[in-house]
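The primary structure of each chain is shown beneath.
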Amino acid sequence: MNAADENSCPRCGTVFLDAEKVCHKCALVSLFDPPTIGDDSDTELKNATEFAHIPEDSLPGYRIERFVARGGMGIIFKATHLALDRPVAIKVLGTSGIWDESGDRRFRAEAKTLAELNHPNIVHIYDYGAWENRPFIAMRWVDGAGLNDWINDGKLRPKVFERGALNDCLRKVVPLIQQSALAIHHAHKRGFLHRDLKPANILVDGGGNALVSDFGLARNLEQSTRLTISGHVLGTPGYMPPEQASGEFEAMSPAADVYSLSAVLYWVITGAAPFTGDTALAVLRKVCDADPIPPTETQPSLDADLESICMKGLQKQPRDRYPDANSFAEDLARWLSGNPVAATRTSPRNQAREQRVKILASIIAVAAMIMALTLMWPAPEPGPGDTFAPIVPKSDAP
């Protein structure tokens, strides 16, 4: 082996840039590729090690700052846009097996969707291009966390489960759900369904504002797009509406995203998705066939009106939910301001009470009708052959 060979990667021929003689291109490819199933290595440590060998100038026009996270569709970096000197999030398409054939198409669709949406509560897109032959999206960097981490790291979760503090705590979180609903309504008006709303896809910035992210599964309402690839159901089962879980894709409407937003609200209240299970298939079956446990069964002090809003959005039939995300947001606003909500009649407790009242009212009505008919019905008159012997009391005399 000559000196040139010793200073270059034996796999791709790239010249080493550091004394450790680690190929930054192969490290980048390895970072893009998800770990092999069954690999017991520490994924986060593996990511950190690989990222350490990626030059900060490997993406032209940007300075790569740090690795952030790996998702099902790709990975996220924090970077700086050099020309504008502003922080951005770089999302790069990964190479997971289920994305081999359609990942690039879906990635382009996500970029196009974000470019058509302009709302203060939706993460904005800045750029789209290719990095090491993989498409990437440059988006606004949100200096915050996902709703799940924001609640848990902000110590709000323990307060949610304290009986006296529950509703006061929820008044701090529900505005984020309301903002997200308004953002989704904006997307709906422009013809797009999100189809993967969950706590991790609602970011909370430093100012306490919600920003909806990850439109990777978004669909144009005027197009027919299936949500399966090679037998995989795309989406998050615990927050997926029944029509999506059962494969009735043509039936999906804005009410599908309303369901998912309500599922996020359910998670905020209870700490769990409406349906859970040991496998994704088990969860999907529950989504289609079971009814969610009313939140008051685990949170007895929950305000009945907020439970009504949540359960209305989780109705199995789309027609029984809110007609659109804006109506959902408006009802949340009514609850926050202390006004009567439109969903009161859908509360499980109210439904049971109304059912009992209806049954009792029906019984009373039938009894009253029978009594009225009895009083109004004329007594029978004696016929010609009818005789009545007078009743003579028996005498005790001999």
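Structure: above.
Below is a summary of the structure that appears in this document. Every value quoted in this text rests on a predicted model; they were computed, and no experiment measured them. Each chain carries its own residue numbering, running from 1 in the direction its sequence is written. The predicted origin of the model limits local features to residues at a pLDDT of at least 70 and limits the giving and counting of side-chain atom pairs to 80 or more, whereas totals for whole chains, interfaces and linings rest on all residues. As a convention, hydrogens and water are excluded, and side-chain values are obtained from all of the structure's heavy atoms.

## Points about the overall build of the protein chain
Here's step 1: Here a helix means four or more residues in a row that DSSP labels H or I, a strand means two or more in a row labelled E, and each is numbered from the N terminus. Assigned secondary structure in the protein chain consists of 13 helices and 12 strands.
Here's step 2: When accessible area is computed with a 1.4 Å probe and restricted to protein chains, residues below 20% of their type maximum are described as buried, those above 50% as exposed, and intermediate ones as partly exposed. Expressed as a percentage of the 398 residues in the protein chain, the buried residues total 44%.
Here's step 3: Whether two residues touch is decided by their heavy atoms; if any such pair falls within 4.5 Å, the residues are in contact. Restricting to contacts in the protein chain with at least 6 residues of sequence separation, those with at least 24 account for 61%.
Here's step 4: Note on areas: Shrake-Rupley with a 1.4 Å probe; residue coverage comes only from the protein chains shown. Working note: accessible area of the protein chain is about 21,100 Å², and carbon and sulfur atoms make up 54% of it.

## Here's the deal with the sheet that holds strand β3 (residues 86-93)
Sheet strands pair by backbone hydrogen bonding; their relative direction is either parallel or antiparallel.
Here's step 1: Strands sit in the order β1-β2-β3-β5-β4 across an open sheet of 5 strands; the sheet is antiparallel. Lying at the two open borders of the sheet, with one neighbouring strand each, are β1 (62-70) and β4 (125-131). Strand-to-strand twist across the sheet, computed as the mean angle between neighbouring axes with direction ignored, equals 25 degrees.
Here's step 2: What makes two strands pair is DSSP finding at least two bridges between them. Sheet topology note: the β3/strand β5 (residues 134-140) ladder contains 5 bridges and is antiparallel. Across the sheet, residue A89 finds its bridge partner in β5, namely M139. Every angle, taken between N-to-C directions, lies between 0 and 180 degrees, and every axis is a line fitted to C-alpha atoms, over only the stretch in contact when it is a helix.

## Some words on the side chain of R321
Here's step 1: Within the secondary structure, R321 is located in the loop between α11 (304-313) and α12 (325-337).
Here's step 2: Judged by its relative accessible area of 2%, R321 is buried.
Here's step 3: Within the structure, R321 has its side chain in polar contact with the backbone oxygen of Q315 (distance 2.7 Å).
Here's step 4: Beyond its immediate stretch of four places on either side in the chain, R321 contacts P241, P242, E243, A255, A256, Y259, K312, G313, Q315 and K316. Side-chain atoms alone can form a polar contact between residues adjacent in sequence; in general such a contact is a pair of N or O atoms within 3.5 Å, and within protein one must be able to donate a hydrogen while the other accepts it.

## Remarks on helix α9 (residues 254-270)
Here's step 1: A helix is expected to reach a length of 1.5 Å times the quantity of its residues less one. Relative to the 24 Å expected for 17 residues at 1.5 Å per residue, α9 spans 25 Å between its end C-alpha atoms, a close match to the ideal helical length.
Here's step 2: Of all 17 residues that make up α9, 16 are buried, and the element is covered over most of its length.
Here's step 3: Backbone geometry just after α9 places G271 at a positive phi near 90 degrees.

## A short note on the pattern of salt bridges
A pair can form between side chains of opposite charge whenever their charged atoms are brought close.
Here's step 1: For this analysis, a salt bridge means a side-chain nitrogen from Lys or Arg found within 4 Å of a carboxyl oxygen belonging to Asp or Glu. Inspection of the entire model under this criterion finds 5 salt bridges.
Here's step 2: We note a salt bridge from D205 to R140, for which the minimum N-O separation is 3.6 Å. Here R140 lies in strand β5 and D205 lies in the loop between β8 (202-204) and β9 (210-212), a separation of 65 residues in the sequence.
Here's step 3: By relative accessible area, which is 13% here, D205 ends up buried.
Here's step 4: For R140, a relative accessible area of 27% gives the class partly exposed.
Here's step 5: Ionic pairing is found between D331 and R334, a salt bridge with its closest N-O pair at 2.7 Å. In this pair, D331 and R334 both sit in helix α12, 3 residues apart, roughly one turn of the helix.
Here's step 6: With relative accessibility at 29%, the residue R334 sits in the partly exposed group.

## Regarding helix α10 (residues 280-289)
Here's step 1: Buried within α10 are the following residues: V283, L284 and V287. Looking straight down α10, one finds that the buried residues subtend no more than 100 degrees of arc, so they occupy a single side. Exposed residues lying more than 90 degrees from the buried face of α10 are R285 and D289.
Here's step 2: In this structure, the buried residues of α10 make contact with α8 (242-245) and α9. The directions considered for the arc run from the helix axis to the C-beta atoms.

## Brief notes about the nonpolar core
Here's step 1: Grouped together as the largest cluster of nonpolar side chains are 65 residues, with contacts concentrated most on L147, L170, L265, L306, I309 and F328.
Here's step 2: Ignoring sequence-local partners within four residues, the contact set of L147 consists of V173, L176, I177, P199, I202, V204, V264, W267 and V268. Among buried residues, those of type Ala, Val, Leu, Ile, Met, Phe, Trp, Tyr and Cys that are joined through side-chain atoms within 4.5 Å constitute a nonpolar core.

## What about the sheet that holds β8?
Here's step 1: Ordered in space as β6-β8-β9, the 3 strands form an open sheet in which the pairing is antiparallel. The outermost strands of the open sheet, each flanked by one partner alone, are β6 (145-146) and β9.
Here's step 2: Along the sheet face, helix α7 (residues 166-189) touches β8 and β9 and points at about 35 degrees away from the line of β9.

## Here we look at the packing of aromatic side chains
Here's step 1: The rule is short: rings of Phe, Tyr and Trp, with Trp giving its six-membered ring, pair when the centres are within 6.5 Å, and they are stacked under 30 degrees, edge-to-face over 60, tilted in between. A full pass over the atoms with the stated rule returns 4 aromatic pairs.
Here's step 2: Relative to F136, the ring of Y62 has its centre 6.0 Å away and its plane inclined at 85 degrees; by these criteria the two rings are edge-to-face. Of this pair, Y62 sits in strand β1 while F136 sits in strand β5; the two residues are 74 residues apart in sequence, bridging distant segments of the chain. You'll find Y62 and F136 in the same group, each marked buried.
Here's step 3: Should the NZ of a Lys or the CZ of an Arg lie within 6 Å of a ring centre and within 35 degrees of the ring normal, that charge is described as sitting over the ring. Cation over ring: R86 sits above Y126, and NZ or CZ is 3.6 Å from the ring centre.
Here's step 4: Positioned over the ring face of Y322 is K312, at 5.4 Å from the centre of the ring.

## Thoughts on the pairing of β4
For a regular strand, the rule is simple: side chains alternate between the two faces of the sheet.
Here's step 1: In terms of strand pairing, β4 meets β5 through 6 bridges, oriented antiparallel. By the bridge assignment, W131 is partnered in β5 with R134.

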